[in-house]
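One letter stands for each residue in the lines below.
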Amino acid sequence: DALDLLNSTFGPEDPSRESQLSRLHALAGWGLFRDLQFSKAFQHFMYSSDVKVARVLVFWRRYLPVAWDPAAVGGKPTADDGAPEPCEIEEFIRAQLMEKQGSAEQPSASASAVSANVGMANAALVSFLLRQREALLSQEHGQASKDPGQLLPAVDTALLKLLIETDEDDTRLQGLLEGGVRCVVEDLESFLRERQRPDVLARLCKVHGRHEMVLQEWSAMLRDGGGVATSTGGQKAPRFPTAQIVAEMVAALCAAARAPGGAELLRSYVPLLLKVNPAAVLPVFTSGTPGRPSGPLASSEVLELLKDHGELVRGFLEHLVASKEGAEPRHFVQLALGYLTQVADEQKVSGEAVSTASSSRRKLLNFLEESSSLDITTLLPRVEDMGLLQEKVVLCSRSGQHREALRVLVEDLNDLPRAEIYCRLVEEKLKRASRPQDRRERPQAEPSIFCDEPPQWARGVVFGLRKKADAALAAQPSSSSSAAPKRIAVGASGSLGDEQGGETRPMMVFLQVLLGAFLGAEQRPGEYPKVAAEYKEAALSLLMGYAGHSDLPTHEVVGVLPASWPLEGLAGYFSKCARLCLHERRSSMFEESLSSMAYLKTFGAWATERMRKVTMDKEKCCPTCNRRFVGQDNVAKAFVAYPNETCVHLQCKEDLSVCPKTGQNFADNLSMYCSALCTDAGDR
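This structure is a prediction, so every number in the text was calculated from the model and none was measured.

What follows is about helix 8 (residues 171-178). Residues that lie three or four places apart on an α-helix share one face, since the helix turns once every 3.6 residues. What helix 8 keeps buried is the set Leu173, Gln174, Leu176 and Leu177. An end-on view of helix 8 places all buried positions within 160° of arc, on one side of the element. In helix 8, the exposed positions that point more than 90 degrees away from the buried face belong to Thr171 and Glu178. At the C-terminal side of helix 8, Gly180 shows a positive phi close to 95°.

Right, here's the structure in full:
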């Protein structure tokens, strides 16, 4: 009836309609509040702008912060707001029930009724506050008013307490905590400890950045076996599983590592986590800020903490090496030794060599190839003792021991295609090192020696061709085969040195290794995977495939071949070398003849250009400044003559190639012979 009266009195366009409608909802709400119909009352409060949240909260005073003043945020009663006098909600409900019954008889029934109505009031208030909180947050972001900022701590404090008391599950409570709360820890600490909710206390401390208190609460629950037990299906179960507690502690330690005093917290709580769940600890040390990859602790101290957990040590060293900040050479060596230990443990378990396809071997191989700093003298003996042949090849290659690397590939691994690929990779590396422009450029990732699909330029010409197209491409002169790389003399500490004369000639070393295997197989057949004839055939194939190669000069090849090999077996090789040398000689002679002819033709054209003359008389003027070229003293001024016979003073030209009179551009008309004669256009 009141709503109908309001609609008939105030039309849709009446400016006072909104205020009167808001007042109607406020009065109706407080009327229903007195009648203990809390759900309907709060619905009316939601539609009214006259109802202050603080005016409602005063009925739940024991749920609010002690120092909170409701009068500062509109909680002071007024004469015309229709609200009852503020008191605790239990007293208000008891008084209203007694007023309805007319007496104080049946105290037990009255107590149960009070309890039931208090529960309904609390549930209605929680729903109301959750909606009001969203409105307050939007006001806080959009306005400069102080009311939302002062009211939010009280709303959050009341909500937390009511949700813990009323909700059977923690769904709404967790949502509130994850969204961030504004309440003060001291206002809730005693309540939460009384209700045995250290988890909420820990999350509340996390919001305020009190990492030490967070860790204290979670560690206490961890020692107690998951906190207070709850009843699930008639059985007692921990409120929080160990994995969740560990995850919360790890998150707190990660946050504490970026805050002052984080080092002491790590020293105190990491050992506890290592006893419970070591695998979860690694993110604490691998989520460091830029410039501090190991967090507040030094890398040596972190390694000391993790020393009894090999997997964690490897993970931390991987992070340290990948970050490229704070990694020292000893860390690279330690990580490589850690990978070797992992492979050795797998060998002990299986009782046989670990396959190169296993993740541990692949990780070890990739690290040995890609690492920027390795102590070869420390790692190589360990690799040899474990019989890891592929890893030995990589280490020998990095230390410049190419002869030993090729020997392992040929004699131990019996992998001639891989040996040829190895030679071509080394040649490409030599060529890049010999070019100054390549040394200045950012180094590119080099292909792995044991990659499944090497690049086309690295695929073999003689051994292991996979495709005909690859064979045709590999047979062409390329950057790694027919081109002669510059010799690089490197000492014992160099990465590209070799045992003979300080030069690296991979193909010559490959040939010598094949010949050594041939002689060894003749003398000790049982110690080699191939017979001597197969090694001889491989050496001859190598010579035929790379005949004329700069690493295999014919006069040196003849000197290393065994004296027992008949010349008729080498006739094909010598014939091919002779043809290649003759072809090269004829090509050079042809190029020399062409060069002489081009020079003579160019010189003749240049002489013709120089014979051109320009005649100046006393009357000829510059088209730009209209001044004569020859002065009264019969001395000509400096001038520029263009191919279209236009002449201008030197100071009148704007562009040497553009005629100022016609605008014609002669830049493209410059004779190509100037470049051939090493002359500049400005010399004309």
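The rest of the description comes next.
A surface patch of nonpolar side chains, amounting to about 340 Å² of accessible area, comprises Tyr599, Leu600 and Phe603. By the element assignment, Phe603 lies in helix 28 (residues 571-610).

We now examine the nonpolar core. If you look at the biggest cluster of nonpolar residues, it comprises 167 residues, and the most contacted ones within it are Phe33, Phe42, Leu57, Trp60, Ile93 and Phe285. Broken down by element, the residue count for this core peaks at eleven residues, all from helix 25 (residues 506-523). Core analysis: the second largest hydrophobic core is formed by nine residues, Val640, Cys647, Cys652 and Phe666 among them.

This next bit is on the side chain of Ser371. Mapped onto the elements, Ser371 comes out in the loop between helix 18 (359-370) and helix 19 (376-386). Among the residues examined, Ser371 registers a relative accessible area of 6% and is labelled buried. Excluding anything up to four places from it in sequence, Ser371 contacts Phe332 and Arg398.

Here we take up the packing of helix 8 against helix 10 (residues 198-207). The geometry of helix 8 relative to helix 10 is characterised by a closest axis approach of 10 Å and an angle of 20° between their N-to-C directions. Looking at the two axes, helix 8 sits roughly parallel to helix 10. For helix 8 against helix 10, the interelement crossing comes out left-handed. Residues Leu173, Gln174 and Leu177 of helix 8 touch helix 10, and the partners they reach there are Val200, Arg203 and Val207. Of the residues contributing to the contact of helix 8 with helix 10, the split by class is four nonpolar, one polar and one charged.

Take Val394: it is sitting in helix 20 (residues 389-398). Sequence spacing of Val394 and Ile449 is 55 residues, and the spatial spacing of their C-alpha atoms is 7.6 Å. Setting aside residues up to four positions removed in sequence, Val394 forms contacts with Leu365, Leu368, Glu369, Ile449 and Phe450.

Looking now at the confidence of the model for the protein chain. Where the model shows low pLDDT, its predicted coordinates should not be examined in detail. Per-residue pLDDT for the protein chain averages 80, and the proportion of residues at 70 or more is 83%. Across the protein chain, helix 21 (residues 402-412) holds the top mean pLDDT of 94, while helix 24 (residues 468-475) sits lowest at 43. This stretch, residues 465-501, has a pLDDT under 50; its non-local contacts, to residues over four places away or in other chains, come to 77 contacts.

The next point concerns unusual backbone geometry. Positive phi values are uncommon outside glycine, yet Leu36 reaches one of about 65°. Relative to the helices and strands, Leu36 is located in the loop between helix 2 (17-34) and helix 3 (38-46). For Leu36, a relative accessible area of 8% gives the class buried.

Criteria and thresholds
- Residues numbered from 1 in each chain as written.
- Predicted model: local features only at pLDDT ≥ 70, side-chain atom pairs only at ≥ 80, totals over all residues.
- Heavy atoms only, no water.
- Buried < 20%, exposed > 50% of the residue type's maximum accessible area, 1.4 Å probe, protein only.
- Helix = DSSP H or I, 4+ residues; strand = E, 2+ residues; numbered from the N terminus.
- Arc of directions from axis to C-beta.
- Patch = residues over 30% accessible without salt bridge, like charges linked within 9 Å, V, L, I, M, F, W, Y side chains within 5 Å.
- Areas by Shrake-Rupley, 256 points an atom, 1.4 Å probe, with all protein chains shown as cover.
- Salt bridge = Lys/Arg side-chain N within 4 Å of Asp/Glu carboxyl O.
- Core = buried A, V, L, I, M, F, W, Y, C linked by side-chain atoms within 4.5 Å.
- Contact = heavy atoms within 4.5 Å.
- Axes fitted to C-alpha atoms, helices over the stretch in contact; angles between N-to-C directions.
- Parallel < 35°, antiparallel > 145°, perpendicular 65-115°, else oblique.
- Left-handed = near helix turned anticlockwise from the far one by under 90°.
- Nonpolar A, V, L, I, M, F, W, Y, C, P; charged D, E, K, R; others polar.
- pLDDT = per-residue confidence, 0-100.

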